[in-house]
Amino acid sequence: MRTLQLPTGGEMPVLGLGTWRMGENAGHRAAEAKAVREAIALGYRLIDTAEMYGEGGAETVVGQAIAEALRAGDARREELFVVSKVYPHNASRRGTRDACERSLKRLGLDAIDLYLLHWRGNHPLRETVAAMQSLVADGRIGHWGVSNFDTDDMEELMQAVGDGPGCAANQVYLSLGERGPEFSLLPWQRERGMPLMAYSPIDQGALAEDDGLSELAGRLGVTAAQLALAAVVARPGVAAIPKAVRSAHLKENLAAADLQLDAATLAELDRLHPPPRRKTPLAMI
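The rules we used
- Residues numbered from 1 in each chain as written.
- Predicted model: local features only at pLDDT ≥ 70, side-chain atom pairs only at ≥ 80, totals over all residues.
- Heavy atoms only, no water.
- Axes fitted to C-alpha atoms, helices over the stretch in contact; angles between N-to-C directions.
- Helix = DSSP H or I, 4+ residues; strand = E, 2+ residues; numbered from the N terminus.
- Parallel < 35°, antiparallel > 145°, perpendicular 65-115°, else oblique.
- Left-handed = near helix turned anticlockwise from the far one by under 90°.
- Contact = heavy atoms within 4.5 Å.
- Nonpolar A, V, L, I, M, F, W, Y, C, P; charged D, E, K, R; others polar.
- 1 Å grid on protein atoms, 1.4 Å probe; cavity = no way out; pocket = protein on both sides within 12 Å on 5 of 7 lines; lining within 4 Å.
- Points joined across faces, edges and corners; volume = space filled by probe spheres on them.
- Buried < 20%, exposed > 50% of the residue type's maximum accessible area, 1.4 Å probe, protein only.
- Pairing = 2+ DSSP bridges.
- Right-handed = clockwise from strand over helix to strand, strands pointing away.

Looking at this structure, I do not really get the packing of helix α1 (residues 29-42) against helix α2 (residues 57-72). What am I missing?
Any two packed helices are characterised by the angle at which their axes cross and by the distance between the axes. Between α1 and α2, whose axes approach to 8 Å, the crossing angle comes to 50°. Our classification of the angle between α1 and α2 gives oblique. By crossing handedness, the relation of α1 to α2 is classed as right-handed. Contact residues: α1 offers Arg29, Glu32, Ala33, Val36, Arg37 and Ile40, while α2 offers Gly57, Val61, Gln64, Ala65, Ile66, Glu68, Ala69 and Ala72. Classifying every residue of the contact of α1 with α2 gives 8 nonpolar, 2 polar and 4 charged.

Explanation requested: empty space enclosed by the protein in the structure shown.
A complete count under the given rule lists 3 cavities of 30 Å³ or more for this structure. There is about 40 Å³ of room inside the largest cavity. Pro88, Ala91, Leu117, Arg120, Gly121, His123, Leu125 and Thr128 together form the lining of the largest cavity. Here the residues of the lining of the largest cavity are counted per class, giving 4 nonpolar, 3 polar and 1 charged.

Help me understand the pairing of strand β5 (residues 81-86) in this model?
Within β5, 6 of the 6 residues are buried, leaving the element largely enclosed by the surrounding structure. Every second residue of β5 is oriented toward a common face, with Phe81, Val83 and Lys85 on one face and Val82, Ser84 and Val86 on the other, all of them buried. With 3 bridges joining them, strand β4 (residues 46-48) and β5 adopt parallel strand pairing. Within the sheet, the bridge partner assigned to isoleucine 47 lies in β5 and is valine 82. Since β4 and β5 lie parallel, the crossover through α2 that links them has a hand, and here it is right-handed. Of the strand pairs in this sheet, β5 and strand β6 (residues 112-117) are connected by 4 bridges, and their pairing is parallel. Following the sheet pairing, lysine 85 is matched in β6 by leucine 116. Each parallel crossover has a hand, and the one from β5 via helix α3 (residues 93-107) to β6 is right-handed.

Here's what the structure looks like:
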């Protein structure tokens with residue numbers, strides 16, 4: 001698995017597993033934990049979750065799967081890169097720490113590798129940043145970052161960082177169907193060596209049914225979903241975290257990270273789903 005360097009040191013896989021909508025139904029949690037466990041066994045090392053997902057239910061699912069995988073020897077803890085997020089309304093200086101401790105308990109971990117502010121709220125960024133930097137200093141998180149921040153938000157965030165560890169990553173909605181971040185946000189992050197994490201990189205499965213992608217993917221011997229995912233991680237500085245629970249989809253997504261797209265294929269993708277020609281508001285799901 002290729003990795004991306006973090007500006008704060010260390011590295012992150014270019015492909016991971018998203019867990020949005022997991023943990024919402026207690027009756028489904030065993031099957032969801034089994035899917036996360038299978039992902040780890042297959043070779044996934046980046047797992048993304050949030051306290052918002054299932055109001056902590058997804059973190060519980062992930063924690064169960066990780067514990068089982070570690071006991072079985074499917075992976076070592078240091079090989080895994082676990083990401084979680086704090087609700088904006090919890091992101092005061094004290095609230096961020098308290099939320100992190102609750103997440104750690106649900107995950108069954110001593111530290112979260114990357115902890116993100118899920119989106120901007122009413123708490124001053126300086127308070128949230130100070131809390132994040134304190135958590136890094138105490139070893140409760142390895143790195144901190146943000147999600148759903150546009151270019152102007154990132155500029156403002158930089159003013160709040162001060163002398164402590166800086167923002168390691170920004171997670172936003174990016175796909176062939178939603179390429180807005182490519183206009184200004186992605187170049188801004190590339191200049192600073194800061195990975196962009198793409199959520200919903202297959203448009204919640206919609207691109208799997210795209211006729212143009214399906215025709216092109218057929219010629220390449222892959223699925224439309226694989227092609228859509230490969231197109232996202234082919235962009236320098238971009239990682240992707242598609243959600244999957246079915247074994248076939250887990251395997252397809254993992255294989256997509258190894259696809260090599262030539263110039264002609266990339267040009268055809270641009271024709272099917274053109275890149276942005278102007279700045280547009282950051283899309284959110």
